Amino acid sequence: QVQLVESGGGLVQARGSLRLSCAASGRTFSMYAMGWFRQAPGKEREFVAGISRRGGATYYADSVKGRFTISRDDAKNTVYLQMNSLKPEDTAVYYCASKHDPPAVTRWAYEYWGQGTQVTVSS
């Protein structure tokens, strides 16, 4: 069992930055691939970024490539999402999720989910 808790969301102006964190319980964090997803009102939950166990490979949605960076610190059982050059269309609830390696872009592949953190980008 893995429990995930996101933090770091908030209100930011367009072109600003935020860093989301996702803290995981358990001693097997390093064995899991991690993903970030987001869900805007009235829309499906969509893939944002993924990172393999040990951080050897990262994956991004085209909409965030070059602006967002996913990373992990296995010593702290934490995965991060650095978000730069934020746009109003990035407004959503952001969720982290975990699964056995490798990462996936489909939400159904992930086993464990956090409760989400709200990110609002004003224009």
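Read on for a plain summary of the structure.

Observations concerning the packing of aromatic side chains
In step 1: Counting across every chain of the model gives six aromatic pairs.
In step 2: Relative to W113, the ring of Y95 lies with its centre 6.4 Å away and its plane at 80°, an arrangement referred to as edge-to-face. Note that Y95 is positioned in strand 9 (residues 92–100) and W113 in strand 10 (residues 112–113), a separation of 18 residues in sequence.
In step 3: Of the residues examined, W113 reaches a relative accessible area of 27% and is grouped as partly exposed.
In step 4: Members of the aromatic cluster, connected to one another through ring pairs, are F37, F47, Y95, Y110 and W113.
In step 5: Stacked on the ring of Y95, the Lys or Arg R45 has its end atom at 3.7 Å from the ring centre.
In step 6: Of note, R72 hangs over the ring of F29, and the distance from its end group to the ring centre comes to 4.6 Å.

Here's the deal with the pattern of salt bridges
In step 1: Applying the stated criterion to the full structure yields five salt bridges.
In step 2: As a salt-bridge pair, R67 and D90 come within 2.8 Å of each other at their nearest N and O atoms. Here D90 lies in the loop between strand 8 (78–83) and strand 9 and R67 lies in the loop between strand 6 (58–60) and strand 7 (68–73), a separation of 23 residues in the sequence. You'll find R67 and D90 in the same group, each marked buried.
In step 3: Among the charged side chains, a salt-bridge network with shared partners connects R38, E46, R67 and D90.

Reading the values: rules and limits
Residues numbered from 1 in each chain as written. Predicted model: local features only at pLDDT ≥ 70, side-chain atom pairs only at ≥ 80, totals over all residues. Heavy atoms only, no water. Phe/Tyr/Trp six-rings, centres within 6.5 Å; stacked < 30°, edge-to-face > 60°. Helix = DSSP H or I, 4+ residues; strand = E, 2+ residues; numbered from the N terminus. Buried < 20%, exposed > 50% of the residue type's maximum accessible area, 1.4 Å probe, protein only. Lys NZ or Arg CZ within 6 Å of the ring centre and 35° of its normal. Salt bridge = Lys/Arg side-chain N within 4 Å of Asp/Glu carboxyl O.

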